[in-house]
Amino acid sequence: MLLDELQLRLEPGTAEVSAGFWAALDVWTLKPQVANRRLSGCRLEAEREARCSAAGLRPLLAELLPGLSCGSGREVDEILPAVIGERAGGRLKVILRTVIPKTRAESCREIVFQDFENSTATFIPVEGNISRSCKFKKSNIYSFKLRQVEENELWTSHKIKQQKREHFILHKRRVLIGWFISVSIMCPEEWIADGILYPKTAWLTDVLLPKIVKWSTENKKSNFKDTLSLISVEKYSECYHHLKAKYKEMVKIWPEVTNPEKFVYEDVAIATYLLVLWEDERAEKGLTAKQSFIDLGCGNGLLVHILTNEGHPGRGIDVRKRRIWDMYGPQTCLKECAITPSDDFLFPDVDWIIGNHLDELTPWIPVVAARSSYSCRYFVLPCCFFDFYGKYCRRQTKSTQYRAYLDFITEVGLICGFKVEEDCLRIPSTKRVCLIGSQRTYSPSGEEKLDEERTQYIRERYSCTLSTGNNTNCSEVKDSASLFTHDITDCSNIDDDIVQDTSVETNFFVPSKWVAGFQPREKVEKVRNCATLPRDFVDDIVLQVAKALLKTNQDNCENSANKDSSGYWNKGGTLPLKNVADLLDCEILQKLKNECGGLKTLLRNNYQVFEVVHGKVRIRDWSKEKQPKILPSDTKSKLPSEARKTRLCWFFVNHPDGCPRTAEKCPFAHGTEELRPRANSRKIN
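Procedures and definitions
- Residues numbered from 1 in each chain as written.
- Predicted model: local features only at pLDDT ≥ 70, side-chain atom pairs only at ≥ 80, totals over all residues.
- Heavy atoms only, no water.
- Helix = DSSP H or I, 4+ residues; strand = E, 2+ residues; numbered from the N terminus.
- Buried < 20%, exposed > 50% of the residue type's maximum accessible area, 1.4 Å probe, protein only.
- Contact = heavy atoms within 4.5 Å.
- Areas by Shrake-Rupley, 256 points an atom, 1.4 Å probe, with all protein chains shown as cover.
- Disulfide = S-S within 2.5 Å.
- Core = buried A, V, L, I, M, F, W, Y, C linked by side-chain atoms within 4.5 Å.
- Pairing = 2+ DSSP bridges.
- Right-handed = clockwise from strand over helix to strand, strands pointing away.
- Patch = residues over 30% accessible without salt bridge, like charges linked within 9 Å, V, L, I, M, F, W, Y side chains within 5 Å.
- Salt bridge = Lys/Arg side-chain N within 4 Å of Asp/Glu carboxyl O.
- Axes fitted to C-alpha atoms, helices over the stretch in contact; angles between N-to-C directions.
- Parallel < 35°, antiparallel > 145°, perpendicular 65-115°, else oblique.
- Left-handed = near helix turned anticlockwise from the far one by under 90°.
- Expected span 1.5 Å × (residues − 1).

**Quick notes on the overall build of the protein**
At step 1: A count of helices and strands for the protein gives 22 helices and 18 strands.
At step 2: For the protein, with 685 residues in total, the buried portion stands at 48%.
At step 3: Here the analysis covers contacts within the protein between residues at least 6 apart in sequence; of these, 69% occur between residues at least 24 apart.
At step 4: Here the protein has roughly 35,000 Å² of accessible surface; of this, 51% comes from carbon and sulfur atoms.

Shown next, in the form of structure tokens:
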């Protein structure tokens, strides 16, 4: 039964229509988690081709599903005509896949028939054990079809469609020829929705079908590998849920100022990937002992803690100790130490070197691994863009900065003698591509010669750095607006103080130290989010920007009579961040340039006064803000009441119309007589 039909927005006769349709179906077939977020992915079990006929399909089904019972022959006879379609004899691809849910629900196998002659893809669930006894789940069979429709057919199609879907066809009546993709269910009245593998039929029409149509018209080629392409998705899903349940309490006791949910679940996901990767390695090499590791730049140390608890001997090193380290216990080995690429930081006793968001040490990880021992491997997750001696500058602009940097780190691994593999992790981060060097491309006897090539490569990179001036913005000079509109989490805005000035010639190659010009980051982390700027400096900028916003709305202000009668409050206009930056002196802009996020962060920090949305600034209208909900009486919910009336209301003091809220409703003091002393309690994060 036809459920719904949507038109492809393509010119009639477009040759790429069919190719786009099958490319979209491949996405849903091979990567169903892209559309259904309750899935982890799928595993391709088998793929065959046959002629589209009953005689050609029966032996193929017997091969793929040996447990298909004889009693289901009648069901097969009913299903095959729907699969074969109107024009039998064409090319048919048959795929057996296992769909894997994110939860611990049971996986499901499906047979997918791709009929290229009839432009139809049919998905048939299989119940039971495919080797012993199985049958088709007739109730949940669905299919997608691509067809070309002329105007007289459009009206006919409209007549047979259900009442609630008439608007789709009526909207397209003027189209002489069009391409349509439809979704249909064999037995809609028997459809069984489990909410995970098979959502309700409305999801097929309202979510999946529009995605298939969208993917059919897109011509995007990704520059990255598929997610989790090097490991088993099924193993990963099972291990991830186990670790997530085991370490979820870390979110509640997280003592750092960083977002606990992001960092905890990201480290859980990275640990899951490594555990599955290492399990596969042990099985492949016939090893019994679990691999040892060292995490350079371990940060909060949670990744070290998880891997250690899961039986892998290892330790972590970072330039700065975190508060959470003391919570892990003595079994988690973490050391506070600045890491410098040298003979003093080689690790011949470990199997794997981990570099997770390692910044200035990222390109050195393959070098350290190669020189530590012939059997040492590495896992690196690049984030901020660093070369051996400073900021990384791409030499061509055909690809993105991120893609170019990944290619550079891959090149370093190849020069160091590794076979470098790339994979995409499933973590809450935009920088989620990892590079793995687990095998060497040379024999142990060639180590000395190859190390000379490594040294020469590093020398050449240094020469390139001097010629381009690595501590400038290289070829990518940004305009004044973009310099001050980075989000605070933008890792491309790297501190120049992290690396030494390389503009002066020096002997960078010392026998034990490798590079004399490398400078690790400082032990005390600089606060660069505009929070340490002088209060008077910030107040002047806030007042200047607010006056400019109020002025932009002067021409549209209501007349004074209306203002007096209706209580009009001037909320000002809207300005792009670039225009706001133009209001400020060069000296002020230079000072803001040294802060992560710059002007944008300063304005967002002054939440009481401004809203910054989509690169535009406006004065916050508190008269339209929703009142906060009443929270439970725990520690965090008491903080707002303790902070009430501890600062003067900016609007009461500076806005020409005063504060839009009454003194009772405004959490800020309307006058010095309302001010309360601030509580000296430590901020709870």
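**Remarks on the state of the cysteines**
Each disulfide is one covalent bond, formed between the sulfur atoms of two cysteines.
At step 1: Counting across every chain of the model gives zero disulfides.
At step 2: Cysteine Cys434 is unpaired, with the sulfur of Cys424 as its nearest cysteine sulfur at 8.0 Å.

**Side note on the nonpolar core**
At step 1: Leu296, Phe347, Ile353, Val367, Phe388 and Phe408 are the most contacted members of the largest nonpolar core, which has 43 residues in total.
At step 2: Among the elements of the structure, strand S9 (293–296), helix H12 (365–372), strand S13 (377–381), helix H13 (401–415), strand S14 (418–424), strand S15 (433–440) and helix H14 (447–468) are those that each provide at least two residues to this core.
At step 3: Not counting residues within four places of it along the chain, the set of residues in contact with Val367 comprises Phe388, Val412, Cys416, Ile458 and Trp514.
At step 4: Ranked by size, the runner-up nonpolar core spans 42 residues in total, among them Tyr240, Val268, Tyr273 and Cys298.

**Regarding the pairing of S13**
At step 1: With five of its five residues buried, S13 lies for the most part within the structure.
At step 2: Relative to S13, strand S12 (residues 352–356) runs parallel, the two being bridged by five bridges. Within S13, the position partnered with Ile354 by the bridge is Phe379.
At step 3: Crossover S12 to S13 through H12 is right-handed.

**Considerations on a nonpolar patch on the surface**
At step 1: A cluster of nonpolar side chains, namely Leu648, Phe652, Val653 and Leu675, defines an oily patch on the protein surface of about 320 Å² accessible area.
At step 2: Of note, Phe652 is situated in helix H22 (residues 650–654).

**Remarks on the packing of helix H7 (residues 233–247) against helix H9 (residues 260–285)**
At step 1: Where H7 contacts H9, the two axes come as close as 9 Å, and the packing angle between them is 135 degrees. One element, H7, and the other, H9, form an angle in the oblique class. Here H7 runs over H9; the crossing is right-handed. Listed contacts from H9 to Lys235, Tyr236, Cys239, Tyr240, Leu243, Lys244 and Tyr247 of H7 are Val264, Tyr265, Val268, Ala269, Ala271, Thr272, Tyr273, Leu275, Val276, Glu279 and Asp280.

**Some details on H13**
At step 1: Counted at 1.5 Å a residue, the expected span for H13 with its 15 residues is 21 Å, and the 21 Å between its end C-alpha atoms agrees.
At step 2: Across the 15 residues that make up H13, a large majority, 11, are buried.
At step 3: Every buried residue of H13 is accounted for by Gln401, Tyr402, Arg403, Ala404, Tyr405, Leu406, Phe408, Ile409, Thr410, Val412 and Gly413.

**What about the packing of helix H1 (residues 16–30) against helix H6 (residues 201–217)?**
The description of two helices packed together rests on the angle between their axes and the distance between the axes.
At step 1: It is the contact of H1 with H6, at a shortest axis distance of 7 Å, that shows an interaxial angle of 125 degrees. Judged on the interaxial angle alone, H6 and H1 are oblique. Every pair of crossing elements has a handedness; the one defined by H1 and H6 is right-handed. Note on element contacts: H6 touches H1 through Trp203, Leu208, Ile212, Trp215 and Ser216, opposite Gly20, Phe21, Ala24, Leu25, Val27 and Trp28.

**What about the sheet that holds strand S16 (residues 574–576)?**
At step 1: Here we have three strands laid out as an open sheet, ordered S16-S18-S17, and antiparallel in their pairing. Each edge of the open sheet is held by one strand with a lone partner, namely S16 and strand S17 (610–613). In this sheet, neighbouring strand axes are inclined to one another by 25 degrees on average, regardless of whether the strands run parallel or antiparallel.

**Remarks on the sheet that holds strand S10 (residues 314–318)**
At step 1: Strand order across the open sheet formed by seven strands is S11-S10-S9-S12-S13-S15-S14, with mixed pairing between neighbours. The outermost strands of the open sheet, each flanked by one partner alone, are strand S11 (333–336) and S14. Pairs of neighbouring strands in the sheet enclose a mean axial angle of 20 degrees, with direction left out of account.
At step 2: Here S13 pairs with S15 via three bridges, running antiparallel. Opposite Phe379, over in S15, you have Ile436 as the bridge partner.
At step 3: Contacting S9, S12, S13, S14 and S15, H9 runs over the sheet at an angle of about 155 degrees to S12.

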